[in-house]
Amino acid sequence: KLQKLIGNDISIDIFESLPSTNDYLKDEAPLSKPRVCIAEHQTSGRGRMGRSWTSPFGRIIYCSYSQMFMKDISEMAGLGLVVGILTAKALEDMDSRLKPQLKWPNDIYLEGKKAGGILIDLLAEANGYCKAVMGIGLNVNMKGCPLKGVEKWTSLEDVVGQKLDRNVVLAEIIRFLSQGLETFLKHGLEPFLPDWRRLDFLNNNKVSLSSGQKVYTGIAKGINPQGHLCLELPQGLK
Ligand code: BTN
């Protein structure tokens, strides 16, 4: 059903269970077209910063999208933000009751609670190419399903009050990714900055940010063109 919804320009591998959809695509040979891997369940789902990602069966979207970019790894810094923006735009487009926001750098929020996250794995390849594996975990039909160890979270079902077809949600996200990543390839993060400003969850809120050993506390003031979070500190902007 999903292949029918997204057409043949993207190859899809579907599994009932995998250790991690990101790890699967990291190990697979790149194709000339984008490659998507989805699973109903992950046994070693990974989150950011080495954390694990709890992966109950059939309720969450576990999806990884991989593509080769003719870019140096240093030019890929904004990719995680772009994937978040495109996922949020897909949700907005799909159902006007969904009003996603993005918590820098990679969390998808709905009604002030985490509904999903993005994990990017980058691999430098020969000849100036770089392979990006973009992992998306999105809580879809999670009503009444507790997530151990995760405090404030929500799901699409909790927000719209009905179960959603994960194939339809995925097809919409994949459609936005395949179009939007072409824009990122040509123009980088810049064309996405207005969307970030609109979707920014932290803007004008007090946040603490650790960088190395130091912790900075200030007021979040959006991102700069490189995708770094701007903090207004007592002694000025950082
Ligand atoms: C985070 O919020 O820390 C990011 C979570 C990313 C989870 C997704 S689920 C699909 C893909 N495979 C993984 O092992 N992780 C990502």
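The structure we're discussing is the one just above.
Below, the structure is looked at part by part. All figures in this text were calculated on a predicted structure; none of them were measured in a lab.

Structural notes on the overall build of the protein chain
Secondary structure summary: the protein chain contains six helices and eleven strands in total. In terms of overall size, the protein chain behaves like a compact globule, its C-alpha atoms giving a radius of gyration of 17 Å where 238 residues would be expected to give roughly 18 Å. Taking the principal axes of the C-alpha coordinates as reference, the protein chain spans close to 55 × 50 × 35 Å. Within the protein chain, buried positions represent 50% of all 238 residues. Counting contacts in the protein chain only where the partners sit at least 6 residues apart, residues at least 24 apart contribute 60% of the total.

Considering the sheet that holds strand E6 (residues 113-124)
Taken in spatial order, the seven strands of this open sheet run E1-E2-E3-E7-E6-E5-E4, and their pairing is mixed. On the outer flanks of this sheet lie strand E1 (11-18) and strand E4 (101-103), each paired with one strand and no other. Each adjacent strand pair in this sheet contributes to an overall mean axis angle of 20 degrees, direction not counted. Where E6 lies against strand E7 (residues 130-139), nine bridges are found, and the strand directions are antiparallel. Bridge pairing links leucine 119 to glycine 135 in E7.

So, the packing of aromatic side chains
For the structure shown, the criterion picks out three aromatic pairs. Both rings, one in phenylalanine 15 and one in tyrosine 24, keep their centres 4.8 Å apart while their planes meet at 65 degrees; by these two values the pair is edge-to-face. A centroid spacing of 6.1 Å and a plane angle of 85 degrees characterise the contact between phenylalanine 69 and phenylalanine 184, whose relative ring orientation is edge-to-face. Here the residue phenylalanine 69 occupies a position in strand E3 (residues 60-69), and phenylalanine 184 occupies one in helix H5 (residues 166-187), the gap between them amounting to 115 residues. Take phenylalanine 184: its relative accessible area is 1%, and that puts it in the buried class. Sitting over the ring of phenylalanine 184, lysine 71 keeps its end group 5.3 Å from the ring centre.

Some points on helix H3 (residues 79-94)
The end-to-end C-alpha separation of H3 is 22 Å, in line with the 22 Å expected for 16 residues at 1.5 Å each. H3 sits mainly inside the fold: twelve of its 16 residues count as buried. For H3, the full list of buried residues reads Leu79, Gly80, Leu81, Val82, Val83, Gly84, Ile85, Leu86, Thr87, Ala88, Ala90 and Leu91.

What to know about the site of the ligand
Around the ligand, 20 residues are found, and the nearest of them are Ser20, Gln42, Arg46, Arg48 and Lys114. In this structure, serine 20 approaches the ligand through a side-chain N or O atom, which is 2.8 Å from an oxygen atom. Take arginine 48: an N or O atom from its main chain is 2.7 Å from an oxygen atom of the ligand. About the coverage of the ligand: the protein hides 98% of its 410 Å² of free accessible area. If you list the elements that add at least two residues to the shell around the ligand, you get helix H2 (21-27), E3, E6 and E7. For the shell around the ligand, a count of residues per class yields six nonpolar, ten polar and four charged.

Some details on the pairing of E3
Taken across its ten residues, E3 has nine buried, putting it largely inside the fold. Here strand E2 (residues 35-42) pairs with E3 via five bridges, running antiparallel. By the bridge assignment, valine 36 is partnered in E3 with tyrosine 65. For E3 and E7, the ladder comprises ten bridges, and the chain directions are antiparallel. Bridging across to E7, glutamine 67 finds its partner in alanine 132.

Some thoughts on the environment of glycine 144
Tracing the backbone through its elements, the reader meets glycine 144 in the loop between E7 and helix H4 (156-160). A residue is classified by how much of its surface remains accessible, and glycine 144, at 79% relative accessible area, is exposed. The sequence separation of glycine 144 and isoleucine 219 amounts to 75 residues, and the corresponding C-alpha distance is 35 Å.

A look at the nonpolar core
Generally speaking, a soluble globular protein has its nonpolar side chains buried in company with each other. Residues Leu79, Leu138 and Leu156 are the most contacted members of the largest nonpolar core, which totals 51 residues. Not counting residues within four places of it along the chain, the set of residues in contact with leucine 138 comprises Ile60, Ile61, Leu91, Ile108, Ala115, Gly116, Leu156, Val169 and Ile173.

Each value, and the rule that gives it
- Residues numbered from 1 in each chain as written.
- Predicted model: local features only at pLDDT ≥ 70, side-chain atom pairs only at ≥ 80, totals over all residues.
- Heavy atoms only, no water.
- Helix = DSSP H or I, 4+ residues; strand = E, 2+ residues; numbered from the N terminus.
- Rg over C-alpha atoms; globule rule 2.2 N^0.38 Å.
- Buried < 20%, exposed > 50% of the residue type's maximum accessible area, 1.4 Å probe, protein only.
- Contact = heavy atoms within 4.5 Å.
- Pairing = 2+ DSSP bridges.
- Axes fitted to C-alpha atoms, helices over the stretch in contact; angles between N-to-C directions.
- Phe/Tyr/Trp six-rings, centres within 6.5 Å; stacked < 30°, edge-to-face > 60°.
- Lys NZ or Arg CZ within 6 Å of the ring centre and 35° of its normal.
- Expected span 1.5 Å × (residues − 1).
- Near = heavy atom within 4 Å.
- Polar contact = N/O pair within 3.5 Å; in protein donor to acceptor, adjacent residues only side chain to side chain.
- Areas by Shrake-Rupley, 256 points an atom, 1.4 Å probe, with all protein chains shown as cover.
- Nonpolar A, V, L, I, M, F, W, Y, C, P; charged D, E, K, R; others polar.
- Core = buried A, V, L, I, M, F, W, Y, C linked by side-chain atoms within 4.5 Å.

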